[in-house]
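# Structural features, examined
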Amino acid sequence: MKVIIINGPNLNLLGVREPEIYGSLSMDTFLSQLRESYPNSTIDYYQSNVEGELINKLQETGFSYDGIILNAGAYTHTSIALLDCIRSLQTPVIEVHISNVNDREDFRRHSMIAPACKGTIQGFGLNSYRLAMEALSLL
């Protein structure tokens, strides 16, 4: 299985950004662990703080990968452009959030991209990405 994890704004700061919400593990460290857990899968990674760059990466990978795990960060709650992009892809997209967004500010409780995704996994820390890998294996 060939999968890409695409992370949006501020997720480059995992491990140092609000560790009480996002934990203290860096994405690099977690990716190494995830790749060890799925030795028969290729897991690529991309992060950008720029909405258009996320769209470019989704379009680039959305016809040739087996799955996309997308944590769009704050763009989850605002981006119709990401919604439209995901709808145009052939590759299934799983929406992921590290925190339980329903237990946070009201504006985080609505996802603009959820209607275009196969499903949403949230609230399990970085293990949300691991659960998304499992979900993709079932599709």
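Residues numbered from 1 in each chain as written. Predicted model: local features only at pLDDT ≥ 70, side-chain atom pairs only at ≥ 80, totals over all residues. Heavy atoms only, no water.

The condition is simple: UniProt positions are given in the numbering used here, feature names are shortened, and annotations may be inferred rather than shown by experiment.
An unreviewed UniProt entry annotates the protein as 3-dehydroquinate dehydratase originating from Prevotella scopos JCM 17725. Quoted verbatim from the Subunit (unreviewed entry) field of UniProt, the annotation for the protein is "Homododecamer." What UniProt records for the protein under Function (unreviewed entry) is the sentence "Catalyzes a trans-dehydration via an enolate intermediate."

### What to know about helix 3 (residues 51–61)
Keep this limit in mind: Residue burial is assigned from relative accessible area. The probe radius is 1.4 Å, only protein chains are included, and a residue is buried under 20% of its type maximum, exposed over 50%, and partly exposed in between. Secondary structure elements are defined from DSSP: runs of H or I of at least 4 residues count as helices, runs of E of at least 2 residues count as strands, and each element is numbered from the N terminus. Note that the arc is defined by the directions from the helix axis to the C-beta atoms. Contacts are assigned to residue pairs with any non-hydrogen atoms lying within 4.5 Å of each other.
For helix 3, every residue scored as buried is listed here: Leu-54, Ile-55, Lys-57, Leu-58 and Thr-61. The buried residues of helix 3 all sit within an arc of 165° when viewed along its axis, so they share a single face. The inward-facing, buried residues of helix 3 abut strand 1 (2–7), strand 2 (42–47), strand 3 (67–71) and helix 4 (80–88).

### A short note on the UniProt feature "active site" (unreviewed entry) in the protein
The criterion, for reference: Definitions used throughout: a 1 Å grid over protein atoms alone; a cavity as a set of points that fits a 1.4 Å probe which cannot get out; a pocket as an open set with protein on both sides within 12 Å along at least five of seven lines; a lining residue as one with an atom within 4 Å of a point. Between N or O atoms, a polar contact is any pair within 3.5 Å; within protein, one atom must be a potential hydrogen donor and the other a potential acceptor, and residues adjacent in sequence are included only when both atoms are from side chains.
The positions UniProt marks with the feature "active site" (unreviewed entry) are Tyr-22 and His-97. These residues run over 76 residues, yet every pair of their C-alpha atoms falls within 9.6 Å of each other. Looking only at the residues we just named, the largest pocket is lined by Tyr-22 and His-97. Structurally, Tyr-22 is set in helix 1 (residues 19–22). Within polar-contact distance, the side chain of Tyr-22 engages the side chain of Arg-17 at 3.3 Å. Turning to its location among the elements, His-97 is positioned in strand 4 (residues 93–97). By relative accessible area, His-97 is classed as buried at 5%. Dropping the residues within four chain positions of it, His-97 is found in contact with Asn-71, Thr-76, Thr-120, Ile-121, Gln-122, Gly-123 and Ser-128.

### Points about the pattern of salt bridges
Applied cut-off: Every case where a carboxyl oxygen of Asp or Glu lies within 4 Å of a side-chain nitrogen of Lys or Arg is listed as a salt bridge.
Counted by the stated rule, this structure contains two salt bridges. Where Glu-18 meets Arg-17, a salt bridge forms, and the shortest distance between an N and an O atom there is 3.4 Å. What makes Glu-18 partly exposed here is its relative accessible area of 33%. What makes Arg-17 buried here is its relative accessible area of 18%. The shortest N-O distance in the salt bridge between Glu-60 and Lys-57 comes to 3.1 Å. With Glu-60 and Lys-57 both in helix 3 and three residues apart, the pair spans about one turn of that helix.

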